[in-house]
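In case you want the letters, here they are:
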Amino acid sequence: MGAMICEGQLDAMFFFIDPMSPMPHDVDVKALSRLAIVYDLPFAHSPSTADFVLNGMVKERPTQYGSLHL
């Protein structure tokens, strides 16, 4: 995933986490978050943020993403 971010192969990334359970891969999630920030990639950790990002993407480029039903 990190390489895909660096190579510009992603339009956005959604990584849902359960904040109430232990995260054995917390370091990896933080690394992806940092890369998303550095490469200015929309990155959502919650369903409401993902909905917001997807709606913005559809409004920005409706022909590329088609019609998404959220």
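No experiment lies behind these values; they were computed from the predicted model shown.

Asks: Explain the overall build of the chain here, please?
Replies: Each helix and strand counted, the chain has four helices and two strands in total. When the helices and strands of the chain are listed from N to C terminus, the series reads α-β-α-β-α-α. Buried positions account for 24% of the 70 residues belonging to the chain. Summarising the internal contacts of the chain: among those between residues at least 6 apart in sequence, 61% fall at separations of at least 24. For the chain, the accessible surface area stands at approximately 5200 Å², while carbon and sulfur atoms represent 61% of it.

Asks: When you look at helix 2 (residues 26-38) in this model, what are you seeing that I'm missing?
Replies: Residue pairs spaced three or four apart in an α-helix point in one direction, given the helix's 3.6 residues per turn. For helix 2, built from 13 residues, the straight-helix expectation of 18 Å at 1.5 Å per residue is met to within 8% by its first-to-last C-alpha distance of 18 Å. Restricting attention to buried positions, one finds in helix 2 the residues Val29, Leu32, Ser33 and Ala36. In an axial view of helix 2, the angular spread of the buried residues amounts to 100 degrees, which keeps them on one side of the axis. Seen from the buried face of helix 2, the exposed residues on the opposite side, beyond 90 degrees, are Val27, Arg34 and Val38. Among the structural elements, helix 1 (2-6), strand 1 (13-14) and strand 2 (43-44) are those in contact with the buried residues of helix 2. Phi turns positive, to about 55 degrees, at Asp40, one or two residues after helix 2.

Asks: I would appreciate a short explanation of the pattern of salt bridges in the present structure.
Replies: Oppositely charged side chains can pair when the atoms bearing their charge come close. Tallying each qualifying case throughout the model produces one salt bridge. The residue Lys30 makes a salt bridge to Asp26 at a minimum N-O spacing of 3.2 Å. Here Lys30 and its partner Asp26 are both found in helix 2, four residues apart, which amounts to about one turn of the helix. In this structure Asp26 comes out as partly exposed when scored by relative accessible area, which is 26%.

Asks: Help me understand the nonpolar core, please; the structure alone is not making it clear to me.
Replies: Within soluble globular proteins, side chains that are nonpolar tend to cluster in buried spots. By size, the foremost hydrophobic cluster in this structure holds seven residues: Ile5, Leu10, Met13, Leu32, Ala36, Leu41 and Phe43. Once residues lying within four places of it in the same chain are set aside, the contact partners of Phe43 are Met13, Phe15, Leu32, Ser33 and Ala36.

Asks: Would you mind going over the environment of Leu35 with me for this structure?
Replies: Residue position: Leu35 is located in helix 2. On the basis of relative accessibility, which here comes to 24%, the residue Leu35 falls in the partly exposed class. Between the C-alpha atoms of Leu35 and Gly2, which are 33 residues apart in sequence, the distance is 6.9 Å. With residues near it in sequence (within four places) discarded, Leu35 still touches Gly2, Ile5 and Cys6.

Thresholds, definitions, all that
- Residues numbered from 1 in each chain as written.
- Predicted model: local features only at pLDDT ≥ 70, side-chain atom pairs only at ≥ 80, totals over all residues.
- Heavy atoms only, no water.
- Helix = DSSP H or I, 4+ residues; strand = E, 2+ residues; numbered from the N terminus.
- Buried < 20%, exposed > 50% of the residue type's maximum accessible area, 1.4 Å probe, protein only.
- Contact = heavy atoms within 4.5 Å.
- Areas by Shrake-Rupley, 256 points an atom, 1.4 Å probe, with all protein chains shown as cover.
- Expected span 1.5 Å × (residues − 1).
- Arc of directions from axis to C-beta.
- Salt bridge = Lys/Arg side-chain N within 4 Å of Asp/Glu carboxyl O.
- Core = buried A, V, L, I, M, F, W, Y, C linked by side-chain atoms within 4.5 Å.

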